[in-house]
Amino acid sequence: MTIEKPPLLHPELFCGIDPGLSGAIAIIDATGQLIHWMDMPTLVQGGIVSRRIDCDALAQMLTSQIAPGSTIGCVEVVGYRPNAGQRNTAVSGASLAHSMGVAEGVLAGLGVPVLRALPMVWKSAMGLVRAGKSGSVNRAVELWPSLKGRRHDICEAALLARFAWLQHQPKQEKPKPIKALKRRQIRKEGLDVFVLDQ
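Residue positions are given per chain, counting from 1 as you read along its sequence in written order. Confidence filtering applies because this is a predicted model: local features only for residues at pLDDT of at least 70, side-chain atom pairs given and counted only at 80 or more, and all residues used for totals across whole chains, interfaces and linings. In computing side-chain properties, one takes all heavy atoms of the structure into account and sets aside hydrogens as well as water.

### As for the pattern of salt bridges
Link 1 in the chain: Between Lys or Arg on one side and Asp or Glu on the other, a salt bridge is scored when a side-chain nitrogen of the former is within 4 Å of a carboxyl oxygen of the latter. Within this structure, the stated rule accounts for six salt bridges.
Link 2 in the chain: Among the ionic pairs, Lys123 bridges to Glu156, the shortest N-O distance being 3.8 Å. With Lys123 in helix α3 (residues 119-125) and Glu156 in helix α5 (residues 152-166), this residue pair connects regions lying 33 residues apart in the sequence. Each member of the pair, Lys123 as well as Glu156, carries the same accessibility label: buried. Think of it this way: any DSSP run of H or I at least four residues long counts as a helix, any run of E at least two long counts as a strand, and we number them from the N terminus. A simple rule labels every residue: compare its accessible area, found with a 1.4 Å probe on the protein chains alone, to the largest value its type can have, and call it buried under 20%, exposed over 50%, or partly exposed in between.

What follows is the structure in structure tokens.
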């Protein structure tokens, strides 16, 4: 399964992580309010990929903001599309996969259960199918006006946190569809009467 519901019944915090070297972390509380966001910490290194996630800094940042035992993490499942252009090469794909693994590993090391969310799944839950990056930004600002002017990575991290939050909300029953009423004309005591049939 790509998405596994973590074993916390009443989490207090939800941490969304948009992995990648330009990614971000966002945290919302049990009421759905955004309480913190930050850029993904990185380190400079040699080689084809010039940066990598700073694991120690990420762990310290999360430790200062979350409470293990009452937090759910949500990490986007990333990948690359071979035919999507030069930016999506095997190297960038490997870098994204590494970043996702680091994010999951740090959360797991802090005792935080991780929800892994495919883009098509969490975006569908947010009403963002085929909406693009600008759609994510607009939706996030709609929910949390304080994110106005922030990078799309921060906005998507916040939406990932909200996706995890939604998984722990009481399921609302969908109202039963109302039957269409038919208008029927009858003749009664010499008068035309209109009756609505169920």
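### A look at the pairing of strand β3 (residues 34-39)
Link 1 in the chain: Bridge analysis of strand β2 (residues 24-29) against β3 gives five bridges, and the strand direction is antiparallel. Across the sheet, Ile25 pairs through a bridge with Met38, a residue of β3.
Link 2 in the chain: Any two strands between which DSSP finds at least two bridges are classified as paired. Linking β2 to β3, which pair antiparallel, is a turn of four residues; within it Gly32 sits at a positive phi near 90 degrees.

### Quick look at the pairing of strand β6 (residues 71-76)
Link 1 in the chain: Of all six residues making up β6, six are buried, and the element is well covered by its neighbours.
Link 2 in the chain: Going residue by residue along β6, you find Thr71, Gly73 and Val75 tucked away on one face and Ile72, Cys74 and Glu76 tucked away on the opposite face as well.
Link 3 in the chain: Relative to strand β7 (residues 114-117), β6 runs parallel, the two being bridged by four bridges. Note that in β7 the partner of Val75 across the bridge is Arg116.

### So, the sheet that holds β6
Link 1 in the chain: The strand order β3-β2-β1-β6-β7 describes an open sheet built from five strands, whose pairing is mixed. In this open sheet, the two strands that pair with only one neighbour each are β3 and β7. Mean inter-strand twist for the sheet, computed between neighbouring axes without regard to direction, equals 20 degrees.
Link 2 in the chain: In this analysis, two residues are considered to be in contact whenever any of their non-hydrogen atoms come within 4.5 Å of each other. Note on definitions: angles span 0 to 180 degrees between N-to-C directions of axes, and those axes are lines fitted to C-alpha atoms, for helices only across the stretch in contact. Across the sheet, helix α1 (residues 55-63) touches β1 (13-18), β2 and β3, and the angle it forms with β3 is around 165 degrees.

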